[in-house]
Amino acid sequence: MSRMDRKTARGNRLGLLIIGLLLIILSGLVIARGARLFPQSFAPARAPLITDSVRSAFLRDYPMLWWVVAGAAIVLALLGLRWLLVQGRSQRLGGIRLQRGPAGVTEVNTGHVADAMATEVSSQPGVLGATAALVGTNARPAVQLRMAVAETVPMNAIREQLGGSALPHMRQALETDRVPTVAQVSLESPHPRRNVA
């Protein structure tokens, strides 16, 4: 998992934790009020939540409260929109510039490199299929690899296959000594299932 993915996941957990705590507190207050756990003078169970004093505060005494409520709603809406945009944002790299010189700039299309790696991995014995993607930044690219492997293949054989050919070829293509890789492996039956009528 890349650093950006970890940062996004951490932000999601923190946001959900805050929202969950607020909802627990508010629901606890509502339950306590309905169960008449508060003193009657403080919060009568059958009294309306929006009293005359609240209505007069909004209508006559503090008309700016409407603007405060509207501003808070806009801020919450923008935070929600930002969260949705972060969830849909792709971390895939479009291209990597390897070197610059008098003759020009050498740029590698990461989609082609990732497809070549997936093809090489798929050609290994016991691998039923694979997809790869380059993520991260131009300075620190990383590989996300998904593999469907026959359930009879040992895990150490898969690691040896990756470390022996696919990963060295990726490092060579990107002209770097280190490419962090996360491989998600799903074990499947090598024989397709047949439906008998």
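Residues numbered from 1 in each chain as written. Predicted model: local features only at pLDDT ≥ 70, side-chain atom pairs only at ≥ 80, totals over all residues. Heavy atoms only, no water.

A.B. asks: How do you make sense of the overall build of the protein when you look at a structure like this?
C.D. replies: The number of helices and strands found in the protein is 5 helices and 5 strands. The helix and strand sequence of the protein, counted from the amino end, reads α-α-α-β-β-α-β-β-α-β. Put simply, the protein has 197 residues, and 23% of those count as buried. Here the contacts in the protein between residues at least 6 apart in sequence split such that 53% fall between residues at least 24 apart. Roughly 14,800 Å² of accessible area belongs to the protein as shown, and the carbon and sulfur atoms make up 62% of that amount. (Helix = DSSP H or I, 4+ residues; strand = E, 2+ residues; numbered from the N terminus. Buried < 20%, exposed > 50% of the residue type's maximum accessible area, 1.4 Å probe, protein only. Contact = heavy atoms within 4.5 Å. Areas by Shrake-Rupley, 256 points an atom, 1.4 Å probe, with all protein chains shown as cover.)

A.B. asks: Teacher, can you tell me more about the nonpolar core here?
C.D. replies: In globular proteins that are soluble, nonpolar side chains generally tend to be buried together. In this structure, Met-117, Val-121, Val-143, Leu-145, Met-147, Leu-162 and Met-170 are the most contacted members of the largest nonpolar core, which totals 23 residues. Mapped onto this core, the elements with two or more residues apiece are helix H4 (110-122), strand E3 (127-136), strand E4 (141-150) and helix H5 (155-174). No other element matches the 6 residues that H5 contributes to this core. When residues no more than four places from it in sequence are discounted, the contact partners of Leu-145 are Met-117, Val-121, Ala-130, Thr-131, Ala-132, Leu-162, Val-182, Ala-183 and Gln-184. (Core = buried A, V, L, I, M, F, W, Y, C linked by side-chain atoms within 4.5 Å.)

A.B. asks: Honestly, the pairing of strand E5 (residues 181-188) in this entry has me stumped. Any pointers?
C.D. replies: As a general feature of sheets, a regular strand has side chains that alternate between the two faces. Taken together, the 8 bridges between E4 and E5 define a ladder with parallel strand orientation. Across the sheet, the residue bridging to Val-143 is Thr-181, located in E5. Taking the sense of rotation as the criterion, the β-α-β connection linking E4, H5 and E5 turns out right-handed. (Pairing = 2+ DSSP bridges. Right-handed = clockwise from strand over helix to strand, strands pointing away.)

A.B. asks: What am I meant to see in the side chain of Glu-120 here?
C.D. replies: Its place among the elements puts Glu-120 in helix H4. For Glu-120, which is buried and forms no salt bridge, the nearest opposite charge comes from Arg-171, at a distance of 11 Å. Non-local contacts of Glu-120, meaning those with residues more than four positions away in its chain, are made with Ser-165, Ala-166 and His-169. (Lys, Arg positive; Asp, Glu negative; His and termini not counted. Salt bridge = Lys/Arg side-chain N within 4 Å of Asp/Glu carboxyl O.)

A.B. asks: I'm lost on the pairing of E3 in this one. Help?
C.D. replies: Here E3 pairs with E4 via 9 bridges, running antiparallel. Looking at E4, one finds that Val-127 is bridged to Val-149. Where E3 folds back on E4, the antiparallel hairpin that results is connected by 4 residues.

A.B. asks: I'm lost on the sheet that holds E4 in this one. Help?
C.D. replies: Within a sheet, neighbouring strands are paired by backbone hydrogen bonds and run either parallel or antiparallel to one another. One open sheet holds the 3 strands; their spatial order is E3-E4-E5, and the pairing between them is mixed. Edge positions in the open sheet fall to E3 and E5, since each of these has one partner strand only. Each strand axis lies, on average, 10° off the axis of its neighbour in the sheet, ignoring direction. Contacts from H4 reach E3 and E4, with the element oriented near 155° to E3. Those strands touched by H5 are E3, E4 and E5, and its axis lies near 145° from that of E4. (Axes fitted to C-alpha atoms, helices over the stretch in contact; angles between N-to-C directions.)

A.B. asks: Please clarify how a nonpolar patch on the surface should be interpreted in this entry.
C.D. replies: Among the surface-exposed residues, Leu-14, Leu-17, Ile-18, Leu-21, Leu-22 and Ile-24 lie close enough to one another that they form a single nonpolar patch of about 590 Å² accessible area. Take Ile-18: it is sitting in helix H1 (residues 3-34). (Patch = residues over 30% accessible without salt bridge, like charges linked within 9 Å, V, L, I, M, F, W, Y side chains within 5 Å.)

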